[in-house]
2 protein chains.
Amino acid sequence: MQAGRELVSVMLPRDHGGGIDAAVARWGGTRDNWLDLSTGINPVPYPLPEFTAADWNDLPDQAAQDALIRAARDFWQVPEGAAILAAPGASALIARIPALMPAGIVDIPAPTYNEHAAAFAAQGWAFGNSAPDARVLVHPNNPTGKRWQAEDVDAPLVVIDESFCDVCPDDSLVHLADQPGRIVLKSFGKFWGLAGMRLGFAIATPDTIAKLNALSGPWAVSGPALRTGAAALQDHSWAADTRARLSKDSDRLDALMAAKGARVVGGTTLFRLYDVPDAAKWQEQLAEHHIWTRVFPYSETFLRLGLPAPDRLGQLENALTTMEAGA
Amino acid sequence: MQAGRELVSVMLPRDHGGGIDAAVARWGGTRDNWLDLSTGINPVPYPLPEFTAADWNDLPDQAAQDALIRAARDFWQVPEGAAILAAPGASALIARIPALMPAGIVDIPAPTYNEHAAAFAAQGWAFGNSAPDARVLVHPNNPTGKRWQAEDVDAPLVVIDESFCDVCPDDSLVHLADQPGRIVLKSFGKFWGLAGMRLGFAIATPDTIAKLNALSGPWAVSGPALRTGAAALQDHSWAADTRARLSKDSDRLDALMAAKGARVVGGTTLFRLYDVPDAAKWQEQLAEHHIWTRVFPYSETFLRLGLPAPDRLGQLENALTTMEAGA
C-alpha cells in the first residue's frame, strides 16, 4: 500500500481553507452541525437550475459554451479586444499560467493565496521583486483585502486574480485584459457559493487565451456548470442583492468579533481578517464549538473568518459568548 | 465583436463526434428527437446518486477524493506501485501529458483519436515512428477497435488511452502502469454514459502522477463527479450488466447495418466502424432522418455509429428502411 499512501500525500493540497473533514475527525460532531468559516465562499449559493439529462450525459456542446461566454462577457464588462476561457475552477488556470512563457522571475507580494507561488515554482520560476518577468496580484488580496491599482500592473506578465472581486466590481481591473501580458482570473465558486461545481475564467488577449486553451483540452467545463454559470451570470439582480446581504452580514460579524476583542485587519465581504492575541488558541476554542476558522503559517495573530449564513450567525455568537465566560 | 469571433474559433474543438447542435441547425427538428450516434458514449448512463448541498457548495474535501481513488484502484485492479490522479475528463490529462518531458519525437499510429496529436503538437513535439521518445496507443483504438499488446509498449513514454477499454477489461494493459514512463488513461464519461460530468483518470508511477497533479491544481474534480464516480466504480454488477447489454445491442446494430450493405471494419461495443461506398452520403441521408453519425476527414468510406439506446433502435431501423426504399 506504499503507493496508495504516496498518492494521498501527492493529492493533499497546500495549507488552505477547507479541510473541514479533518476538523470533524479531531473534534467530533457531524459535518452538518459544524459551521465552516475556513473559506471565503458565499454561504447562500446561487440556486441550482433544473438540469437536463443531456447536461450530464452528452459532451458539452458549443452552443452551451458560447452561452456561458456571452454571459461572462456581459457580466464582467469584458473589453472587446479580450477573449474569455472557461475552466473547471480558477485553480486549473492558476496551475497552467506559469507554462505560458519560459521560466523567469516572478513577484508575488506576500502574504497571499499560496497556489500561485506553488504553480510558478513547479514550472521552475524563481521569486523576486526586482524587474520581475511576471507578477501576481490577488485583487482584492486574500487574506488582507488589499486592492491593487492599474499602476501596479507593470511586469511583462501580470496575473490579476479577481476571485474575490465580485463583491466590489467597481474595483475590477478587467479593463486591462485586452492588453498583452495581462490575465484576469474570475472564480465562480466563491461569490456564487458553488465551489464544488468547479468553474472559473481567464480573461486575456485572444492569443493568450488560445495558449491556455491548448493546455486545457476540449470540453473543460461540465454540462451542469455551463448551464448554472450562464444563468447566474445573467442574473444581475441576484448579484446586487447578494452584495448588499454580504455587506450587512460582514458588518454583523465584525461587531461580534470586535466585542470579543478582535481587531479588523482587512478582508472583503466574503471573508474578514482579524488580529487576535493567539490565533491558534482562538481556532481551537471555536473548534470545540464546532466552528472551523482559518489560521496562517506565517502569522500567530491572523484569524480569518468566512461569513456565516444568516441562519447560522447565532451559532458563532453562542460560541463567542461561551469562550468569554470560560476565559 | 472581433474578439468574440476569434474566441469561438479558439474554443471550437477539432473534428470530433458531438456537434449535434450544428446538425440540428442544418437539418431541423429539435435536439430531443435527434438520435445522436456520433459519439461512443453509452446511451444508458449510470443512474445519478442523490447529491448533497455540500457536493455543490463546498470545495471537494480530501475524504471524497480518497473514496473515489480507492474505488478506482479496486475497479481497475491498479497495481500497488501505481498511483491514480482524477481529473475533469481524460481530455484534461491528454492536454497536459506532453508537458511532462522535453519535446521530442512522438509516434501516434493513425488513424486514431486526434486530441493526442494536437496536444503533443501544441507542446512542440514532432511526429515519427523511428525510435520515438513517446508513443500513444489508444486501446482499443478509436475508430478501428484495434487492440495493442504489451510488446507495443516500448518507447520511453507510452500513453495507453483505455477510454474505451471498460467494455473489454480483460484486454487492459493497466498492469504496466507501475513501470516508469507508462501512463494509462481511463474515461468515466463513455462507459458510464456521463460525458457531461467530466471525469477521467491517469494511472502511472507516483512520480509521474505528482507531476501531472502539479499541472492540474487542487480540487480538479467537482463534488458531484466525486460522488458519482465513487458509487459507479464500486458497482461491479452494473458494469457487468452494461457490458452484456452493449454486446447484445452492438450485434443488433451490426445486423441492421449489414442488411443495408455496410461492412463491419471494427470498433468496440461502444461504437461500430463500418465501410460504406460513400460515407458522406450515408451521413447526409441519415441526418435527413435526424440521426447523426460520424465520418472522418481521412476516409471517404468509414462511417462510425455509436450504439442507440435500446428504445431508439427503431428510429435507426426506420431510417435505414426508408433510405433503401428511396435508393
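Residues numbered from 1 in each chain as written. Chains lettered and ligands numbered in written order. Predicted model: local features only at pLDDT ≥ 70, side-chain atom pairs only at ≥ 80, totals over all residues. Heavy atoms only, no water.

J.: Residues and numbers for the overall build of chain A, please.
T.: Across its full length, chain A carries 11 helices and 13 strands. By the compact-globule yardstick of 20 Å for 327 residues, chain A fits well, its C-alpha radius of gyration being 20 Å. Taken along the three principal axes of its C-alpha coordinates, chain A extends 60 × 50 × 50 Å. By the burial criterion, 59% of the 327 residues in chain A qualify as buried. A gap of 2 Å separates the mean positions of the 27 positive and 38 negative side-chain charges of chain A. (Helix = DSSP H or I, 4+ residues; strand = E, 2+ residues; numbered from the N terminus. Rg over C-alpha atoms; globule rule 2.2 N^0.38 Å. Buried < 20%, exposed > 50% of the residue type's maximum accessible area, 1.4 Å probe, protein only. Lys, Arg positive; Asp, Glu negative; His and termini not counted. Charge placed at Lys NZ, Arg CZ, Asp CG, Glu CD.)

J.: Go over the packing of helix H4 (residues 62-75) of chain B against helix H8 (residues 223-233) of chain B with me, naming the residues and quoting the values.
T.: Residues and elements named next belong to chain B. Packing of H4 against H8 brings their axes to within 8 Å, and their N-to-C directions diverge by 30 degrees. Relative to H8, H4 is oriented roughly parallel. The two elements H4 and H8 cross, and the hand of that crossing is left-handed. Here Ala64, Gln65, Ala67, Leu68, Ala71, Ala72 and Phe75 of H4 lie close against H8, whose contacting residues are Leu226, Gly229, Ala230 and Leu233. Split into classes, the residues belonging to the contact of H4 with H8 amount to nine nonpolar, two polar and no charged. (Axes fitted to C-alpha atoms, helices over the stretch in contact; angles between N-to-C directions. Parallel < 35°, antiparallel > 145°, perpendicular 65-115°, else oblique. Left-handed = near helix turned anticlockwise from the far one by under 90°. Contact = heavy atoms within 4.5 Å. Nonpolar A, V, L, I, M, F, W, Y, C, P; charged D, E, K, R; others polar.)

J.: So what's going on with helix H9 (residues 236-259) of chain B? Which residues, and what values?
T.: The periodicity of an α-helix, 3.6 residues per turn, causes residues three or four places apart in sequence to face the same way. Residues and elements named next belong to chain B. Between the first and last C-alpha of H9 there are 35 Å, a value that for 24 residues agrees with the 34 Å anticipated at 1.5 Å per step. If you check which residues of H9 are buried, you get Trp238, Ala239, Thr242, Arg245, Leu246, Asp249, Ser250, Leu253, Asp254, Leu256 and Met257. In the segment just after H9, Gly261 is the residue with positive phi, at about 100 degrees. (Expected span 1.5 Å × (residues − 1).)

J.: Got a sec to walk through the pairing of strand E8 (residues 200-204) of chain A? Specific residues and values, please.
T.: Residue and element names in this part refer to chain A. For E8, the buried fraction is high: five of the five residues fall into the buried class. Residue alternation in E8 divides its side chains into two sets, Gly200, Ala202 and Ala204 and Phe201 and Ile203, and both sets are buried. As defined by bridge partners, strand E2 (residues 83-87) adjoins E8 across five bridges and the pair is classed as antiparallel. Its bridge partner being in E8, Ala86 is matched across the sheet by Phe201. The pairing of strand E7 (residues 182-187) with E8 spans four bridges and is antiparallel. For Ser187, the partnering residue across the bridge sits in E8 and is Gly200. (Pairing = 2+ DSSP bridges.)

J.: Describe the relation of the copies chain A and chain B, listing the residues and the values that go with them.
T.: Both copies of the chain are tied together by a single rotation about an axis and a shift running along it. Note on the copies: chain A fits chain B at an RMSD of 0.0 Å, the axial shift is 0.0 Å, and the rotation between them is 180 degrees. The transformation just described matches what one would write down for a two-fold rotation axis. If distances are taken from each C-alpha of chain A to the rotation axis, the shortest is found for Pro88 of chain A, at 3.6 Å. In this assembly, 100% of the residues forming the interface of chain A have copies in chain B that are likewise at the interface, indicating an isologous arrangement. (Least-squares fit on C-alpha atoms with pLDDT ≥ 70 in both.)

J.: Describe in detail unusual backbone geometry, supporting the description with residues and values.
T.: All names here are of chain A. Note that the residue after Ala110, namely Pro111, is joined by a cis bond; omega there is -5 degrees. The residue Pro111 is located in the loop between strand E3 (105-107) and helix H6 (115-122) in this model. Of the consecutive residues His139 and Pro140, the connecting peptide bond is found in the cis state with omega at -5 degrees. With a phi close to 65 degrees, Arg198 is a non-glycine residue in the positive phi region. Position of Arg198 relative to the elements: it lies in the loop between E7 and E8. Here Trp219, not a glycine, exhibits a phi torsion of approximately 55 degrees, which is positive. Checked against the element boundaries, Trp219 lands in the loop between helix H7 (206-216) and helix H8 (223-233).

J.: If you had to explain the sheet that holds strand E9 (residues 263-268) of chain B to someone new, which residues and values would you point to?
T.: In a beta sheet, neighbouring strands are held together by backbone hydrogen bonds and run either parallel or antiparallel to one another. All names here are of chain B. Spatial strand order, E9-E10-E13-E12: four strands in an open sheet with antiparallel pairing. What marks the edges here is a single partner per strand, and that holds for E9 and strand E12 (294-296). Pairwise comparison of adjacent strand axes, ignoring direction, gives a mean angle of 30 degrees for this sheet. In this structure, strand E10 (residues 271-275) lies alongside strand E13 (residues 299-306), joined through five bridges in antiparallel fashion. Counted as the bridge partner of Arg272 is Leu305 from E13. Against the sheet, H9 makes contact with E9, E10 and E13, and its axis sits at roughly 20 degrees relative to E10, the strand it touches most. The sheet contacts of helix H10 (residues 279-288) involve E12 and E13, and relative to E13 the element is tilted by about 40 degrees.

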